[in-house]
Amino acid sequence: MPSRELFLPQQLSYTLLRLAEQLKEKHENFASSCIIGIQPRGIYLARRIHRLLLDENITLPYGELDVTFHRDDYKIRSPLLPNATKIDFLITDKRVILVDDVLYTGRTVRAALDAILSFGRPALVELLVLVDRKRKRDLPIMANYVGIEIDSLDSERVTVEWQEIHGKDSVRIETRSF
Amino acid sequence: MARSQLSVKHLLGIKELQVSDIEIIFQTAAQFKTVLERSIKKVPSLKEITVVNLFFESSTRTRVSFELAAKRLSAELINFSASTSSVKKGETLLDTVQNILAMKVDVVVIRHPSPGAPHFLSTRIPAIIINAGDGAHEHPTQALLDCFTLQQKFGTLKGLKVAIIGDILHSRVALSNIWALTKLGAQVRLCGPSTLLPPYIESLGVTTSYELMDTLQWCDVANVLRIQHERQKGNYLPSLREYHQYFGITPEVLEKVRHPITILHPGPINRGVEISSEVADGPHSLILDQVLNGVAIRMAVLYLLAANPS
């Protein structure tokens, strides 16, 4: 399968640092902010960003959200196995930073917005993604913080891998084999 | 990302399920259980689905549990009970169901006194059938929730020693539990009076005993069953008092056993017959956990079956 890395070595860590800096710019002291990773793949990025902020002594609540039961495509393809949702703080009046690895059709984010509302009424919801496959949206959804913007075809697939589980960091675009 | 497709289109019995199906159901139920602990206990998963509860026999727990499960998933729900319907006027099962299906129903949850009624429907009507108890045959969601409750407590069922005590002969809960427990690797012993233990049941990979004390010394878990008067056509017992003396689970009996025994009971309880109140409400009883887990298990079953792309 032909594939191409989207980041040079080292470049990914600069991008993550930049995303953390952008959050600091917008959230000042993070007094009422929280960070929530979307299961299953967004949690690794969320944990990295949370870690980077923690390294600078910025503490904010961290949660993980599974959106399986809020998806609308279960009649089209077989359902995914649900992952754990872990949000042990109140969402109400919080500034929520939703985190996912790739933004594509926007349907996962739609489901996540729906899911987050069953935990309360946030003051604000923002979206942070590593890869924005722009001009591929099915819904009017855009990210507030973007690692990299790319043009891509439907036949292509973006895969994000993390040191923590896959052994190395890798963000690549590959042409799907049919 | 792992897909969660079940190998079956209907839930007719545990016998037809594969171990991987049970694992998928448990994994999904565990997440639904967390949904039930939120302040908003509802997800929109099945908002396009209509479920009918078709009960030809009385029920409290199972029916309310399925009703709650469907509503928590945002499905539409119709309740049907045979005692107030045209079944009284002589309508057949197939006609009743076909008429209800003509009103566009996706899932039929059926309880029926005849063994095999759900299987019969599954071959004749284009809807998803879930068996909520068919005669003395199977009660799959009860077995799933019993095993799920044990898995949550013990982590795994492998090697766990489970005794099923009481009226095995007339119990669909016993049969479904035997299938589920043995598939998940538990050891099963059946215990009851000789008249209520069916012959050749050992062929299902279980052991039997007529001695309550022996069984309790052996087991980690006792799943206590009710004497099913309504299904008993002969004289199987001299009296309920005698049954209580020989097979009733009381604090005095449990005191003689050196280790703590986890108590399950599918309900309804006949207090003072198969189990005393002190034990049913005691610290080792998981009876109310079973009820909560029942909703999560039924949500998982409804979700996984209804969410299968046709």
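A short tour of the structure in this document, coming up. Only a predicted model underlies this, so the values are computations on that prediction, with no experimental measurement involved. (Residues numbered from 1 in each chain as written. Chains lettered and ligands numbered in written order. Predicted model: local features only at pLDDT ≥ 70, side-chain atom pairs only at ≥ 80, totals over all residues. Heavy atoms only, no water.)

Residue and element names in this part refer to chain B. Looking at the element boundaries, Leu17 is found in the segment before helix H1 (19-36). Exposure remark for Leu17: the relative accessible area of 4% places this residue in the buried category. It is 9.2 Å that separates the C-alpha atoms of Leu17 and Lys183, two residues lying 166 residues apart in sequence. Contacts of Leu17, omitting those with residues within four sequence positions, involve Val8, Leu11, Ile22, Ile25, Leu144 and Lys183. (Helix = DSSP H or I, 4+ residues; strand = E, 2+ residues; numbered from the N terminus. Buried < 20%, exposed > 50% of the residue type's maximum accessible area, 1.4 Å probe, protein only. Contact = heavy atoms within 4.5 Å.)

Residues and elements named next belong to chain B. When you tally the buried positions in strand S3 (residues 107-112), you get six out of six residues, the bulk of the element. Side chains of S3 alternate between two faces, with Val107, Val109 and Arg111 and Val108, Ile110 and His112 buried alike. In the sheet, strand S1 (residues 50-55) pairs with S3 via five bridges, with the strands oriented parallel. Within S3, the residue paired with Val52 across the bridge is Val108. As defined by bridge partners, S3 adjoins strand S4 (residues 128-134) across five bridges and the pair is classed as parallel. Within the sheet, the bridge partner assigned to Val108 lies in S4 and is Ile129. A crossover links S3 with its parallel partner S4, the connecting element being helix H4 (residues 117-122), and its sense is right-handed. (Pairing = 2+ DSSP bridges. Right-handed = clockwise from strand over helix to strand, strands pointing away.)

All names here are of chain B. Between helix H5 (residues 140-154) and helix H6 (residues 172-183), whose axes approach to 8 Å, the crossing angle comes to 50 degrees. In terms of axis orientation, H5 runs oblique to H6. As H5 runs across H6, the sense of the crossing is right-handed. Of the residues in H6, those touching H5 at Pro140, Gln142, Ala143, Asp146, Cys147 and Leu150 are Val173, Ser176, Asn177, Ala180 and Leu181. Among the residues making up the contact of H5 with H6, the classes are represented as seven nonpolar, three polar and one charged. (Axes fitted to C-alpha atoms, helices over the stretch in contact; angles between N-to-C directions. Parallel < 35°, antiparallel > 145°, perpendicular 65-115°, else oblique. Left-handed = near helix turned anticlockwise from the far one by under 90°. Nonpolar A, V, L, I, M, F, W, Y, C, P; charged D, E, K, R; others polar.)

To continue, consider the packing of aromatic side chains. Inspection of every chain in the model, using the stated rule, returns six aromatic pairs over all chains. One aromatic cluster in this structure is built from A:Phe69, B:Phe32 and B:Tyr303. Directly above the aromatic system of A:Tyr104 lies the positively charged group of A:Arg133, at a separation of 4.0 Å from the ring centroid. In this structure, B:Arg189 packs its charged tip against the face of B:Trp218, placed 4.5 Å from the ring centre. (Phe/Tyr/Trp six-rings, centres within 6.5 Å; stacked < 30°, edge-to-face > 60°. Lys NZ or Arg CZ within 6 Å of the ring centre and 35° of its normal.)

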